[in-house]
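Residue strings, one per chain:
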Amino acid sequence: MATRTRHHLKERIARLEQRYGRPVPPPADPFELVLLENCAYLVDDKRRATVFRRLKRTVGTRPDAILRTPLPLLADVIRDGGMLPQRRAEKLHTAADLALEVGVATLRRLVKQSPAEARKILKRFPGIGDPGADKILLFCRGGLGLGPDSNALRVLVRLGYGRESSDYPATYRSAVEASAPELPTDVSWLIRAHQLLRRHGQEVCKRARPLCDRCPLTSGCRWYLARAAQSRPAGSLPGA
Ligand code: SF4
């Protein structure tokens, strides 16, 4: 039985990879991932990456370099990253301050050698909760979960992993727990699965109106099958 369910998630991810292609591996440095998270707000991935590159090029990603940069100048460097650049600049200072306290090298070591300890530290950085910490651990190859963001989480829950509720952390935990037994220990696969589920949630399995007619995962999708059953005339058989 376990083999069959493991095959199901792997097959679904394989279908997504067929659709979208193999994703480019993400950055793998824990402090840079913290900066990436905080340098922009409510913008798409492309703009976030552009803002991060400008930060890296003009200021650098060393905590001392960030702290030496006055807030108005830092806010100007990251100005294209959405709302409240001054507030985002303050968060970068807060993150740099904590990175100096912990030590970037220590953080890099902990994500690989002691993920549970690293997770606690990561959650002290601005903008990093359970999902963010899990994602950073995964990208740095210290975690063995999917660490789904909100887009990937929506896909997982609709497919049938976990239960949606008005309590986001509870929904997150339920999906993480429900998918865990099917996950392999191949970190590269897990990273790709995270990226593919996220992209699918952004482009097809959208929050308000999922585009199920364009989805390669309809077969076995709990959400899709429930809607299909509701729209069938009373008394008719599935597929009739
Ligand atoms: S069938 Fe629809 S609800 Fe299910 S994963 Fe695809 S887009 Fe999302």
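Anything mentioned here points back to the structure above.
Scope of this entry: the structure provided in the associated data block. This one's a predicted model, so the numbers in the text were calculated from it and none came from an experiment. (Residues numbered from 1 in each chain as written. Predicted model: local features only at pLDDT ≥ 70, side-chain atom pairs only at ≥ 80, totals over all residues. Heavy atoms only, no water.)

Focus: the site of the ligand
Here's step 1: The local shell around the ligand consists of Arg158, His200, Cys205, Pro210, Cys212, Cys215, Thr218, Cys221, Trp223 and Tyr224.
Here's step 2: Per-class residue counts for the shell around the ligand are 7 nonpolar, 2 polar and 1 charged. (Near = heavy atom within 4 Å. Nonpolar A, V, L, I, M, F, W, Y, C, P; charged D, E, K, R; others polar.)

Quick word on unusual backbone geometry
Here's step 1: Positive phi values are uncommon outside glycine, yet Leu42 reaches one of about 55 degrees.
Here's step 2: For Leu42, the position within the fold is in the loop between α2 (30-38) and α3 (45-58).
Here's step 3: Residue Arg141 is not a glycine yet carries a positive backbone phi of 65 degrees.
Here's step 4: Secondary-structure assignment places Arg141 in the loop between α9 (130-139) and α10 (150-159). (Helix = DSSP H or I, 4+ residues; strand = E, 2+ residues; numbered from the N terminus.)

Focus: the packing of aromatic side chains
Here's step 1: Scanning the entire structure with this criterion turns up 1 aromatic pair.
Here's step 2: Between Phe31 and Phe125 the ring centres are 6.3 Å apart and the planes differ by 50 degrees, which places this aromatic pair in the tilted class. In this pair, Phe31 sits in helix α2 while Phe125 sits in the loop between α8 (115-122) and α9, placing the two residues 94 residues apart along the sequence.
Here's step 3: Residue class for Phe31 comes out buried when judged on its relative accessible area of 1%.
Here's step 4: In this structure Phe125 comes out as buried when scored by relative accessible area, which is 3%.
Here's step 5: For Lys10, the ring lying beneath its charged end belongs to Trp189, and the centroid distance is 6.0 Å. (Phe/Tyr/Trp six-rings, centres within 6.5 Å; stacked < 30°, edge-to-face > 60°. Buried < 20%, exposed > 50% of the residue type's maximum accessible area, 1.4 Å probe, protein only. Lys NZ or Arg CZ within 6 Å of the ring centre and 35° of its normal.)

Some remarks on the pattern of salt bridges
Note that side chains of opposite charge can pair when their charged atoms are close.
Here's step 1: Taken as a whole, this structure holds 17 salt bridges when the rule is applied.
Here's step 2: A salt bridge links Arg108 to Asp29; the nearest nitrogen and oxygen atoms lie 2.5 Å apart. Remark: Asp29 occurs in the loop between α1 (2-20) and α2 and Arg108 occurs in helix α7 (residues 104-113); sequence separation between them is 79 residues.
Here's step 3: Residue classification places Asp29 among the buried residues on the basis of a relative accessible area of 14%. (Salt bridge = Lys/Arg side-chain N within 4 Å of Asp/Glu carboxyl O.)

Focus on the packing of α8 against α9
Here's step 1: In contact at an axis separation of 9 Å, α8 and α9 are set at 135 degrees when each is read in the N-to-C sense. One finds that α8 runs oblique with respect to α9. In the crossing of α8 with α9, the sense of the turn from one axis to the other is right-handed. On the side of α8, the interface is formed by Pro115, Ala118, Arg119 and Leu122, while α9 contributes Asp130, Ala133, Asp134, Ile136 and Leu137.
Here's step 2: For the contact of α8 with α9, a count of residues per class yields 6 nonpolar, no polar and 3 charged. (Axes fitted to C-alpha atoms, helices over the stretch in contact; angles between N-to-C directions. Parallel < 35°, antiparallel > 145°, perpendicular 65-115°, else oblique. Left-handed = near helix turned anticlockwise from the far one by under 90°. Contact = heavy atoms within 4.5 Å.)

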